[in-house]
Amino acid sequence: MPGQPGARGRRTTERKGDVRERAILDTCEDLLAHKGYDAMTVGDVAQGAGITRGALYFYFGSKQEVVTALVARTVEHLWERSRATAETDEPHQAIAAAMRRTVELWNEHGLVMRTAIDLSLTVPEIGELWNHTADLFITAITAVLERAGIPPGARPEQASAMARVLCWMIERTFYHASQESREKLQEAAATCEHIWLTSAGLTT
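Along each chain, numbering runs from 1 in the same order as the chain's sequence is written. Side-chain atom pairs in this predicted model are given and counted only at pLDDT of 80 or more, local residue features only at pLDDT of at least 70, and totals for whole chains, interfaces and linings cover all residues. Note that the side-chain values use all heavy atoms of the structure and ignore hydrogens as well as water.

**Overview of the packing of helix H5 (residues 91-119) against helix H7 (residues 159-177)**
Here an axis means a line fitted to C-alpha atoms, over the contact stretch when the element is a helix, while the angle between two N-to-C directions is reported on a 0 to 180 degree scale. Numbered from the N terminus, helices here are DSSP runs of H or I no shorter than four residues, and strands are runs of E no shorter than two. Their axes nearest at 9 Å, the elements H5 and H7 cross at an angle of 80 degrees. Taken together, the axes of H5 and H7 lie roughly perpendicular to each other. Across the interface between the two elements, Met99, Thr102, Val103, Trp106, Arg114, Ile117 and Asp118 of H5 pack against Ile170, Glu171, Arg172, Phe174 and Tyr175 of H7. Under this grouping Gly is polar, as are all residues other than the nonpolar Ala, Val, Leu, Ile, Met, Phe, Trp, Tyr, Cys and Pro and the charged Asp, Glu, Lys and Arg. In terms of residue class, the contact of H5 with H7 is made up of seven nonpolar, one polar and four charged. For classification, angles of less than 35 degrees are called roughly parallel, those exceeding 145 degrees roughly antiparallel, those between 65 and 115 degrees roughly perpendicular, and all remaining angles oblique. In what follows, residue pairs with any heavy atoms lying within 4.5 Å of each other are defined as contacts.

**Quick look at the side chain of Glu29**
Examined against the element boundaries, Glu29 turns out to sit in helix H1 (residues 16-34). Classification of Glu29 as buried rests on a relative accessible area of 15%. What Glu29 contacts, discounting residues up to four positions off in sequence, is Leu70, Arg73, Glu108, His109 and Val112. Relative accessibility thresholds used throughout: buried, under 20% of the residue-type maximum; exposed, over 50%; partly exposed, between the two (1.4 Å probe, protein chains only).

**Examining the packing of aromatic side chains**
Ring pairs (aromatic) are described by centroid distance and by the angle formed between their planes. In this scheme Phe, Tyr and Trp rings, the latter by its six-membered ring, pair at centre separations within 6.5 Å, and the angle between planes marks the pair as stacked below 30 degrees, edge-to-face above 60, and tilted otherwise. Summed over all chains, the structure comprises two aromatic pairs. Seen in terms of ring centroids, Phe58 and Tyr59 are 5.2 Å apart; in terms of plane orientation they differ by 85 degrees. Their pairing is edge-to-face. Residue Phe58 is classed as exposed on the basis of its relative accessible area of 68%. By definition, being over a ring means that NZ of Lys or CZ of Arg is both within 6 Å of the ring centre and within 35 degrees of the ring normal. Above the plane of the ring of Tyr37 lies Lys63, whose end atom (NZ or CZ) is 4.3 Å from the centre. The ring of Tyr175 carries Arg172 above its face, with NZ or CZ at 4.5 Å from the centroid.

**Here we look at helix H2 (residues 42-49)**
Of all the residues in H2, the buried ones are Val42, Asp44, Val45, Ala46 and Ala49. Two residues or fewer past H2, Gly50 is found with a positive phi of approximately 75 degrees.

**Focus on the packing of H7 against helix H8 (residues 182-199)**
Direction vectors running N to C along H7 and H8 enclose 165 degrees, while the axes themselves pass 9 Å from each other. When the axes of H7 and H8 are compared, the pair comes out roughly antiparallel. In the crossing of H7 with H8, the sense of the turn from one axis to the other is right-handed. Between H7, through Met162, Leu166, Met169, Ile170, Thr173, Phe174 and Ala177, and H8, the contact on the second element is made entirely by Lys184, Leu185, Ala188, Ala189, Cys192, Ile195, Trp196 and Ser199. Throughout, a crossing is termed right-handed when the near helix is turned clockwise from the far one, and left-handed when it is turned anticlockwise from it by less than a right angle.

This is the structure we're talking about:
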């Protein structure tokens, strides 16, 4: 309102470019579900986002760039989850919370995450994003294991080595479970939680 303190110059709406970019990425995620990466085209993405093919190229140079940006947006959520896990003090709570968040993320963005895994060996940018994400989770798992009393270090019985194995086990378990059903994701979480607790010496 005119005359209201601080109102002048305050941005109250998103920039048009931000809205369009989000629409492109949202459309890409939807197309991954309905057509898959190989069948999806730049034209499909542009049409779904309500823009011309030429307008899409203003934001992204190829389908691969669109998917890479979508993966980048998704892994930001993963990074937030890894930080939350690392900062939780009590190991039982940290492990249970990590598994809940993992289920939530695979329910919400499982197709993007499977696509990232599938493309990580052939698209360097996606591979770098995914490997960096894994490193963050390994660091978070290591912190939980050390708080549970596992000694630090890279030997097989030490925390960082165990964390690396746990991280990649969780990834593959959820990758396969997400192709089946939400119930399978819950089963995957229960299995991974039990193995993590056992590795940390927290089972009775």
